[in-house]
Amino acid sequence: MAYTVPLGPYHPALEEPFKVNVQCEGEVIQTCRIDVGFSFRGIELLAQSRNWLEVITLIERVCGICSNTHAMTFCMACEQIAGIQVPRRAQYIRTIIAELERLHSHLLWAGIGAEDIGFHSLFMEIFTLREKIMDTLETVTGNRVNYGMNRIGGVLRDIENPKDFIASLESVAEVLHKVVIPAFIENPTARSRLTGIGPLSREKAIEWGVVGPVARASGLDMDVRKDHPYLAYADLGFKSIARTEGDVFARVVVRALEIAESVRLVIEGLHNLPEGPLCEQRGIPTMPAGEATMRTEAPRGECLYYVESQGGPTPARVKIRTPSFVNIPAVEPMVLGQQLADLSLIQASVDPCLSCTDR
Amino acid sequence: MEISNLVAWIKAIPGVTAADWHGGDLWVEAPALDVEAMGRAMITYGIRLGTVTGTPVSEDGETDIIYHYIAGECVFINVRTRTRNGALASLSAIARPASWAEREIKDLLGVTFPGHPDPRPLLRPSGFEDGMFRAPMSKSRQNPRQES
């Protein structure tokens, strides 16, 4: 007899509240329904009542993990409307912060993933590494989350002694290559727990419109940093990571290898940080009338902004499409025909962010 | 599809009246757009839907809808149309990523999308009506806060 099992909205397997209702025959999932909206805050409406300076602080609160991505993407859209050229040093600093953010986001996910499969020692190892990244972010920006680095036209803070951070980052890279990546990719227990579950074929990935590591694990080699390079990515020689298996294991491998690539990008950026100003202008910017769409690669995938200015003191419209908004619906095709016991692991494999999704 | 041929091809979609490059992106005006014809044409050429933006024209009037497509992973195609009597044909049966976007626009701006396969509320909390942001969003667009 068929029965229904609700996962969430509040559950130890979920980082944030959402609900996955599955109907099962025996242990096999037959149908799936996803409900979101438990963290809805109306940020797009609030953005229309903040001036062009205040709105950056608001937008940065869309998410506690990829906060910099949101503030940065919004600023980049505004810069396109106003025709502002961001100085090279500011572009490098934005790139370094964006990759540090990706590092702590992926390491958070990897640690929780390790815990989900009962690999507690790996969880401790990963979170020790993550602390080094958080310490770096705190030293550079003054904050562990919501870094307040972006402004329209550049960045607010400099990285004064860039080479001071390189030794710590190289030690992170060493542990990554010697411990974390082999633990996920070569450890037979981890492999057997992750391989073949939660499949999403390349065709399904296109149909559902997924982005980021979820898409790249299904054979879609799409990454805004590669396809439409922005900031300093073209200078730093970014390499995208893709797999073809489309299962939870492939999503783990993609993120694990991306962690290593992000460390390399940060070290490269610190080594080659150009001299120059941090911003083109001071004070509250005057925005002309216009509109722009902007894409960046957030830790969870493509982040898309539409910003409209009517030439007034506040934005006329700010539309935010986060990567989780298109990745979470794809949990449905991933779980159909799968074992109920794998549900929590499969939903975790898309790295769902509900603060982003609900805004 | 060559990027250089994009404008001519887009203009052939029923309802499109203008298409111009601006800021490196293609902006398309289509007040009487055939939404389903556009959706099918985009799929034919492997152009994926990024999202859909809704903006109220006025508190009680129509809503501007922009379909944000991405061609070749490098060019935005922004197709702007307008609701007709508060409604617009759903794209969800043709392009799955439209489903949640249309449900959100229905929640916040009260636009109905006939043909949507699952028009349940997405973000709207219980106790609120469809279109809960329509009035405040229109008001702040027409009378933006002034700096003192």
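Everything discussed here concerns the structure shown above.
Summarised in this report is the structure supplied together with it. Bear in mind the structure is a predicted one, so any value in this text is a computation, not a measurement.

Definitions and cut-offs
Residue positions within a chain follow its written sequence, with the count starting from 1. Each chain takes a letter, starting from A, and each ligand takes a number, starting from 1, following the order in which they are written. Confidence filtering applies because this is a predicted model: local features only for residues at pLDDT of at least 70, side-chain atom pairs given and counted only at 80 or more, and all residues used for totals across whole chains, interfaces and linings. A run of H or I in DSSP becomes a helix once it reaches four residues, and a run of E becomes a strand once it reaches two; helices and strands are each numbered from the N terminus. All radius of gyration figures rest on C-alpha atoms, and the globule criterion is 2.2 Å times the number of residues raised to 0.38. By the convention adopted here, residues are in contact when the distance between their C-beta atoms, placed from the backbone, does not exceed 7 Å. The nonpolar class holds Ala, Val, Leu, Ile, Met, Phe, Trp, Tyr, Cys and Pro. Asp, Glu, Lys and Arg form the charged class, and all remaining residues, Gly among them, are polar. A pair of strands counts as paired when DSSP detects no fewer than two bridges linking them. Helix axes are fitted only over the stretch in contact, all axes being lines through C-alpha atoms; the angle between N-to-C directions runs from 0 to 180 degrees. A helix is expected to reach a length of 1.5 Å times the quantity of its residues less one.

## Topic: the overall build of chain A
Inference 1: A count of helical and extended segments in chain A gives 16 helices and 8 strands.
Inference 2: Rg of the C-alpha trace for chain A: 20 Å, near the compact-globule value of 21 Å for 359 residues, within the 12% margin.
Inference 3: In terms of its C-alpha atoms, chain A occupies a principal-axis envelope of roughly 65 × 45 × 30 Å.

## Digging into the interface of chain B and chain A
Inference 1: Contacts between chain B and chain A engage 29 residues on the former and 30 residues on the latter.
Inference 2: Elements supplying a minimum of two residues to the side of chain B that touches chain A: β3 (48–56), β4 (63–71), β5 (75–82) and α4 (134–142) of chain B.
Inference 3: Considered class by class, the residues forming the side of chain B that touches chain A number 13 nonpolar, 9 polar and 7 charged.

## Points about the sheet that holds strand β2 (residues 19–25) of chain A
Residue and element names in this part refer to chain A.
Inference 1: Taken in spatial order, the 3 strands make up an open sheet running β1-β2-β3, and their pairing is antiparallel. Only two strands of the sheet have a single partner each, and these edge strands are β1 (2–7) and β3 (28–35). Neighbouring strand axes in the sheet, compared pairwise and without regard to direction, differ in orientation by 20° on average.
Inference 2: Where β1 lies against β2, 6 bridges are found, and the strand directions are antiparallel. What sits directly across from Val5, in β2, is Val22.

## Some points on helix α3 (residues 67–82) of chain A
Inference 1: In this model, α3 of chain A (16 residues) spans 23 Å end to end at C-alpha, consistent with the 22 Å of a helix rising 1.5 Å per residue.
Inference 2: The positive-phi residue at the C-terminal boundary of α3 of chain A is Gly83 of chain A, with phi of around 65°.

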